[in-house]
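Structural description and commentary
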Amino acid sequence: AKPVQDHPFRGPTVFILGNEGIGMTQNQIDICDQFVYIPQYAPTTASLNVSTAGAIIFHHFGLWAGYQEVGRTGQKFDVEVQSHEERRENQPAELKKQEEELQKQRQGRKNQSDALEDMEGGLGLPTGEEEDY
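On to the overall build of the protein, then. Counting secondary structure elements, the protein contains 4 helices and 4 strands. What you see in the protein, going N to C, is helices and strands ordered as β-α-β-α-β-β-α-α. Residues counted as buried form 10% of the 133 residues belonging to the protein. Taking the intrachain contacts of the protein between residues at least 6 apart in sequence as the baseline, contacts between residues at least 24 apart amount to 54%. On the protein, roughly 11,400 Å² of surface is accessible, and the fraction owed to carbon and sulfur atoms is 53%.

Written out as structure tokens, the structure reads:
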């Protein structure tokens with residue numbers, strides 16, 4: 001693991017944050033290429049709250065990536081409020097395509113579930129009311 005203040009990031013990055021109790025699972029650890037840590041400067045702190053740790057990590061990543069700071073008016077950051085439709089319009093075409101495919105998959109699962117519920121006997125199992133043939 002490398003200290004976060006060294007900005008050891010490279011290329012497109014995904015972050016996995018372990019929980020405060022047990023950290024990360026072995027499966028999560030196995031899919032990681034590298035690890036960063038936040039140095040602790042007091043012997044009384046074993047770890048940070050995961051949201052605090054995430055904020056520190058994301059801040060350092062933003063510095064490394066050269067993200068532009070959002071403007072401020074007075075003490076408040078300027079936030080552009082967009083409707084769902086506006087956010088969707090501003091999505092890259094590939095994300096729109098992925099979202100539409102997920103919606104189709106969800107609808108297909110819902111249709112299957114509805115069809116099963118409509119079948120007599122739930123899953124097509126005998127209910128005891130069928131006639132003998």
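Now that the structure has been shown, we can carry on.
With that settled, consider the nonpolar core. Formed by Val4, Phe9, Ile38, Ala53, Ile57 and Phe61, the largest nonpolar core amounts to 6 residues. Setting aside residues up to four positions removed in sequence, Val4 forms contacts with Phe9, Val36, Tyr37, Ile38, Ile56, Ile57 and His60.

The subject of this paragraph is the packing of aromatic side chains. Here the structure, examined in full by the defined rule, presents 7 aromatic pairs. With a centroid separation of 5.3 Å and 75 degrees between ring planes, the pair formed by Phe15 and Phe58 is classed as edge-to-face. Remark: Phe58 occurs in helix 2 (residues 50-65) and Phe15 occurs in the loop between strand 1 (2-3) and helix 1 (26-30); sequence separation between them is 43 residues. By relative accessible area, which is 42% here, Phe58 ends up partly exposed. On the numbers, 5.4 Å between centres and 40 degrees between planes, the contact of Phe61 with Trp64 is tilted. With Phe61 and Trp64 both in helix 2 and 3 residues apart, this pair spans about one turn of that helix. Taking relative accessible area as the criterion, Phe61 reaches 12% and is therefore assigned buried. Judged by relative accessible area, which is 33%, Trp64 ranks as partly exposed. Members of the aromatic cluster, joined through ring pairs, are Phe9, Phe15, Phe58, Phe61, Trp64 and Tyr67.

Conventions used here
Residues numbered from 1 in each chain as written. Predicted model: local features only at pLDDT ≥ 70, side-chain atom pairs only at ≥ 80, totals over all residues. Heavy atoms only, no water. Helix = DSSP H or I, 4+ residues; strand = E, 2+ residues; numbered from the N terminus. Buried < 20%, exposed > 50% of the residue type's maximum accessible area, 1.4 Å probe, protein only. Contact = heavy atoms within 4.5 Å. Areas by Shrake-Rupley, 256 points an atom, 1.4 Å probe, with all protein chains shown as cover. Core = buried A, V, L, I, M, F, W, Y, C linked by side-chain atoms within 4.5 Å. Phe/Tyr/Trp six-rings, centres within 6.5 Å; stacked < 30°, edge-to-face > 60°.

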